[in-house]
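Read off the chains here:
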Amino acid sequence: MALMDAVLELADDHLVLGHRLSEWCGHAPMLEEDLALPNMALDLIGTARTLYDYAAKLEGQGRSEDDIAYLRGEREYRNCLLVERPNEDFAHTVLRQFFFAAFMHPYWHAAQDSDDEVIRGVAGKAVKEMAYHIRHAGEWVIRLGDGTEESAQRMRDAVEALSIYTAELFEEGAAEGAPALPSRAAQREAWDATIAHVFAEAQLEMPEVPFPQTGGRKGLHGEGLGHMLAEMQSVYRAHPGATW
Amino acid sequence: MSGEIPLWEVFIRPRNGLAHKHVGSLHAADEVMALNAARDVYTRRGEGTSIWVVPSRAITASDPDQAEENFEPTADKIYRHPTFYEIPDDVGHM
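Residues numbered from 1 in each chain as written. Chains lettered and ligands numbered in written order. Predicted model: local features only at pLDDT ≥ 70, side-chain atom pairs only at ≥ 80, totals over all residues. Heavy atoms only, no water.

*Asks:* Tell me about unusual backbone geometry, and please be specific about residues and values.
*Replies:* Residues and elements named next belong to chain A. Unlike most non-glycine residues, E88 shows phi in positive territory, near 50 degrees. Mapping E88 onto the fold places it in the loop between α4 (81-84) and α5 (90-111). Notably, Q203 is not glycine yet its phi reads approximately 60 degrees, a positive angle. Along the chain, Q203 falls in the loop between α8 (188-202) and α9 (223-238). We classify Q203 as exposed; its relative accessible area is 55%. (Helix = DSSP H or I, 4+ residues; strand = E, 2+ residues; numbered from the N terminus. Buried < 20%, exposed > 50% of the residue type's maximum accessible area, 1.4 Å probe, protein only.)

*Asks:* I'd like a description of the packing of helix α6 (residues 117-145) of chain A against α8 of chain A, backed by residues and values.
*Replies:* All names here are of chain A. Where α6 contacts α8, the two axes come as close as 7 Å, and the packing angle between them is 35 degrees. In this structure, α6 uses I134, G138, V141, I142 and G145 to contact α8, whose residues at the interface are T194, V198, F199, E201 and A202. Of the residues in the contact of α6 with α8, the class split is six nonpolar, three polar and one charged. (Axes fitted to C-alpha atoms, helices over the stretch in contact; angles between N-to-C directions. Contact = heavy atoms within 4.5 Å. Nonpolar A, V, L, I, M, F, W, Y, C, P; charged D, E, K, R; others polar.)

*Asks:* Mind laying out the sheet that holds strand β2 (residues 21-27) of chain B, listing which residues take part and the relevant values?
*Replies:* All names here are of chain B. Across the sheet, three strands lie side by side as β2-β1-β3; this open sheet has antiparallel pairing. The sheet is open, and its two borders are formed by β2 and β3 (50-55), each paired with just one other strand. Each strand of the sheet is rotated relative to its neighbour by a mean of 30 degrees, with strand direction disregarded. (Pairing = 2+ DSSP bridges.)

*Asks:* Tell me about the pattern of salt bridges, and please be specific about residues and values.
*Replies:* Should the charged atoms of two oppositely charged side chains come close, the side chains can pair. Using the criterion set out here, one finds 16 salt bridges over all chains in the structure. Where D192 of chain A meets R188 of chain A, a salt bridge forms, and the shortest distance between an N and an O atom there is 3.5 Å. Taken as a pair, D192 of chain A and R188 of chain A lie in helix α8 at a separation of four residues, close to a single helical turn. The closest approach of N and O atoms between K77 of chain B and D76 of chain B, which form a salt bridge, is 3.7 Å. (Salt bridge = Lys/Arg side-chain N within 4 Å of Asp/Glu carboxyl O.)

*Asks:* Tell me what's going on with the interface of chain A and chain B, and back it up with residues and numbers.
*Replies:* Counting from both sides, the interface comprises twelve residues of chain A and, opposite them, 13 residues of chain B. Here chain A and chain B share an interface that buries about 1300 Å² over both sides, 59% of which is from carbon and sulfur atoms. Looking only at chain A, the three residues that lose the most surface to chain B are E32, Y132 and R143 of chain A, adding up to 41% of its buried area. At the boundary of chain A and chain B, one finds one salt bridge. (Buried area = accessible area lost by both parts, 1.4 Å probe.)

*Asks:* Pulling in residues and values, what's your account of the environment of R184 of chain A?
*Replies:* Residues and elements named next belong to chain A. Mapping R184 onto the fold places it in the loop between α7 (149-162) and α8. Take R184: its relative accessible area is 1%, and that puts it in the buried class. When the C-alpha atoms of R184 and S234 are compared, they prove to be 33 Å apart, with 50 residues separating the residues in sequence. Aside from chain neighbours lying at most four places away, what touches R184 is E9, F103, Y107, L169, F170, E171, E172, G173 and R217. For R184, the side chain forms a polar contact with the main-chain oxygen of E172, separated by 2.8 Å. (Polar contact = N/O pair within 3.5 Å; in protein donor to acceptor, adjacent residues only side chain to side chain.)

*Asks:* I'd like to hear about the layout of surface pockets, residue by residue, with values.
*Replies:* Residues and elements named next belong to chain A. Here the second largest pocket is characterised by a volume of approximately 430 Å³. Taken together, 17 residues make up the lining of the second largest pocket; nearest its centre are I45, R49, D66, Y70 and W244. No other element matches the five residues that helix α2 (residues 31-59) contributes to the lining of the second largest pocket. (1 Å grid on protein atoms, 1.4 Å probe; cavity = no way out; pocket = protein on both sides within 12 Å on 5 of 7 lines; lining within 4 Å. Points joined across faces, edges and corners; volume = space filled by probe spheres on them.)

*Asks:* Tell me about a nonpolar patch on the surface, and name the residues and values.
*Replies:* Residues and elements named next belong to chain B. A contiguous nonpolar surface patch, about 550 Å² in accessible area, is contributed by I78, Y79, F84 and Y85. You can see Y85 is positioned in the segment after α2 (67-71). With relative accessibility at 62%, the residue Y85 sits in the exposed group. (Patch = residues over 30% accessible without salt bridge, like charges linked within 9 Å, V, L, I, M, F, W, Y side chains within 5 Å. Areas by Shrake-Rupley, 256 points an atom, 1.4 Å probe, with all protein chains shown as cover.)

*Asks:* Lay out the environment of A2 of chain A with the relevant residues and their values.
*Replies:* Residues and elements named next belong to chain A. Turning to its location among the elements, A2 is positioned in helix α1 (residues 2-22). When its relative accessible area of 28% is taken as the criterion, A2 is described as partly exposed. Spatially, the C-alpha atoms of A2 and A175 are 6.7 Å apart, while their sequence positions differ by 173 residues.

*Asks:* Requested: an account of the nonpolar core, with residues and values cited.
*Replies:* Residues L95, F98, W108, V141 and F199 of chain A are the most contacted members of the largest nonpolar core, which totals 91 residues. Beyond its immediate stretch of four places on either side in the chain, V141 of chain A contacts V94, L95, F98, D146, M155, V198, F199, A202 and L204 of chain A. (Core = buried A, V, L, I, M, F, W, Y, C linked by side-chain atoms within 4.5 Å.)

*Asks:* Got a sec to walk through the side chain of H14 of chain A? Specific residues and values, please.
*Replies:* Residue and element names in this part refer to chain A. When you line up the elements, H14 lands in helix α1. Side-chain polar atoms of H14 contact the backbone oxygen of L10, separated by 2.8 Å. The contact partners of H14, leaving out residues within four places of it in the chain, are L44, I45, T47, A48, F100, M104 and W108.

*Asks:* Before we move on, could you go through a negative patch on the surface and cite the residues and values that matter?
*Replies:* All names here are of chain B. Together, D63, D65, E68, E69 and E72 line one region of the surface with negative charge. Tracing the backbone shows D63 in the loop between β3 and α2. A relative accessible area of 33% places D63 in the partly exposed class. (Lys, Arg positive; Asp, Glu negative; His and termini not counted. Charge placed at Lys NZ, Arg CZ, Asp CG, Glu CD.)

*Asks:* Explain the pairing of strand β1 (residues 7-13) of chain B to me, using residue names and the numbers behind them.
*Replies:* Residue and element names in this part refer to chain B. Among the seven residues of β1, five are classified as buried, and the element is accordingly described as predominantly covered. In terms of strand pairing, β1 meets β2 through six bridges, oriented antiparallel. Looking at the pairing, E9 lines up with S25 of β2. Both β1 and β3 contribute to a ladder of six bridges, which runs antiparallel. Along β3, the bridge assignment pairs F11 with W52.

Set out below in structure tokens:
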């Protein structure tokens, strides 16, 4: 079951971040971003769907992707803490996206060599999506970080708030016993390089993080995730088995 | 906010061999952001293989007040339309 648990962690990362991004739909600061953020959300949710479907098959208990996504409580979710952080302002949102994509891009790149056919398939598609997410979010990080006094301050605040969640990205989690998936720790170097490159242009610095936050892979989440799941799952729970 | 952000015209090439065609406009701070926004706004349904963005202010448009002198003189020159030629059957589709 190590592979199933590991696939579930990946799927939860993508669904939770995808849902967070989708919360911007209709509220983004400009029309162009109102389309761009849900575009990226749909990339993530598409990946999550394939992975949930695969997790359900690996489990073999007859659960569907919807059952797994909509009928688990907060403590059963295995996403890392970064992806569940609330949207706050636009600076927080693009920085969260940038941190995540900078990790997933080298991860999926490595996963293209997996001996697991489904993982290879997901990786081949996702690696291109993540390359774009890095570009889109990264360009915003640069422009806000090196922008006006207020945008720079908001970006620095976002870095301060979110950097404490980045170390968890590199924890192996359930993937430790699943050779079909790449090592998370091994993506550190690529991640550091991407962040350093963009932060140099953005006039930002990664702060020292004496007490990194962790626990998501064990189901220990922040307060925000429960609220998010309650909203996300409400329709399915009110109308079990509904399809559209 | 968008009052301060420049306007860009977006051109998409649907596939190789065809010309870039004007599809609309958008607001973006600079050319890199304009290309990203064009990708997100105008190619979501597989419309394109290439994008051009051009600052709207770089476009010079013809004057609507000159429309008569610009375009009406061509109206009576029907011989410019290739409809007076007999097309041999062997040619097939033209």
